[in-house]
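What follows is each chain in one-letter form.
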Amino acid sequence: MNNAVAEPLSAESQPTLSLASILFVAILLFALVSLHVYADLTEETGSSLALDQLTALTLTASGLLYVVRAGLTSLIMQPRAVVILVFAWLAFTSLGAEDVMTALRRLFVTWLFCLSASLLLVLPRDRKHFCVMLAFCTTIVLALCYFGVVAMPMRSIHQASDVVEPALAGDWRGVFEHKNIAAPAMVILVFFSLYIAARWSAWIGWTLAALAMIFLFKTNGKSAIGLFPLAMGMAMVLVRWPRVGALLFVCFLLGFNGLTLGSALVPAIRNFVASLGVDATFTSRTDVWSLAAGAIMERPLLGYGFDSFWGTGPLLNSEMASQTWAVAAAHAHNSYLEVMLDGGVPALVLTLAWLILLPSRDIARAAQRNADPSLTLLYTRIWVFALISACMESNFFKTSGMMWFVLLISVFGLHFQAEADLAADETAHDE
């Protein structure tokens, strides 16, 4: 928050604090819920990407104008040099995409989301303000989800009449388009609620956490349910023992990716996974991973340009189209593979430095500077959950869904925690 990393707003700027609240709520709700609520899955309908992009541009521009007026521009998009390197490389590799302008436009929208996530953390005036707005947004999302289940079950619970995946009938999805979007969203809301309980209101926080947990289990989102306690435990280790925790977490990510991706590429690993009683195809993801890995080997340095591999003519008309269904996949179902498809191995190295290496260092620095451990724990929980989820889904640099946005919040938030001393007024409040 701004007065944890900079001077509090001046008296002249106090009247605009209500605008900061409106911007915070609008940006966060747009990221969590989007404009497409209660989707009708009984028929195939397309969503308006133009409207999404216009909304993202409007909210980001409004937030940026507010931050410029408040004199807080030095706080956004930090560490700026790394962010610039990542996006510059992806822009460069996109010059070789099949449709250069489409690739660059998609990259620009992704950059808008990145800027928007950075702006979000500068808008609250203090920790209590942050908690109140988090509680408000969490309440709105949960209210919409439960309202849908009660009043609009056909559009909030998967039905046997759904065009795609009718086998999911009975699983709750609330305001979201799919249970696999609703489930991780509920996990994030639990993390928000636990922080609210720790730093502002115990009864509000625990009530919201209980409602989010109930909805999480009703989604039957097995991946999110399984990763939730893992993220809770790993985050606690990282905050208490940052260096040991970081080493353990990196080893876990390497091992998890080794088992999953290895099942697609190495028969011995596939047999080992199957011997554990686990689906060695990971719900047919191995076909997609095998195709993606082969494509990366063909263009390891530059990749195919940002978001320019799946669904393109060269892929759909290739010889592979007659050999595997995976050519019709929407994404790689693994964020680390997806980044290499977008920009080759250099893009992966830069992304890992930005999203994993630097936040690991920031967690340790936050502990050394005695930054608010509850806030560090919130960001760390989100960070751990998002990075593990990325082993099974393509979340990095994706503006659909909310995982990319909340991952950015955690990355920028951890950097603030590492750089800032506690403000005097908040220290007094803690006492």
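Look a little higher up for the structure.
Quick caveat, the model's predicted, so the values are computed rather than measured. (Residues numbered from 1 in each chain as written. Predicted model: local features only at pLDDT ≥ 70, side-chain atom pairs only at ≥ 80, totals over all residues. Heavy atoms only, no water.)

Examining unusual backbone geometry
Point 1. Here the amide bond leading from Gln 78 into Pro 79 is cis, since omega sits at 0°, within 30 degrees of zero.
Point 2. By secondary structure assignment, the location of Pro 79 is in the loop between α3 (49-70) and α4 (80-94).
Point 3. Positive phi is not limited to glycine here, since Met 77 has a value of about 55°.
Point 4. In this structure, Met 77 sits in the loop between α3 and α4.
Point 5. One non-glycine residue, Asn 220, lies in the positive phi region at around 60°.
Point 6. When its relative accessible area of 31% is taken as the criterion, Asn 220 is described as partly exposed. (Helix = DSSP H or I, 4+ residues; strand = E, 2+ residues; numbered from the N terminus. Buried < 20%, exposed > 50% of the residue type's maximum accessible area, 1.4 Å probe, protein only.)

Here we look at the pattern of salt bridges
Point 1. All chains considered together, the criterion is met by eleven salt bridges.
Point 2. In this structure, Arg 155 and Asp 40 form a salt bridge, with 3.7 Å as the shortest nitrogen-oxygen distance. With Arg 155 in helix α7 (residues 153-156) and Asp 40 in the loop between α2 (17-33) and α3, this residue pair connects regions lying 115 residues apart in the sequence.
Point 3. Within the structure, one salt-bridge network assembled from shared partners comprises Arg 106, Asp 307, Glu 338 and Lys 398. (Salt bridge = Lys/Arg side-chain N within 4 Å of Asp/Glu carboxyl O.)

What about the state of the cysteines?
Point 1. According to the stated counting rule, one finds zero disulfides in the structure shown.
Point 2. Looking at the unpaired Cys 251, the closest cysteine sulfur is the one in Cys 391, lying at 13 Å.
Point 3. Classification of Cys 251 as partly exposed rests on a relative accessible area of 44%. (Disulfide = S-S within 2.5 Å.)

With respect to helix α8 (residues 179-199)
Point 1. The first and last C-alpha atoms of α8 sit 30 Å apart over 21 residues, in line with the 30 Å expected at 1.5 Å per residue.
Point 2. Burial of α8 is extensive: 17 of the 21 residues sit out of reach of the surface. (Expected span 1.5 Å × (residues − 1).)

Geometric values such as these leave the question of function open.
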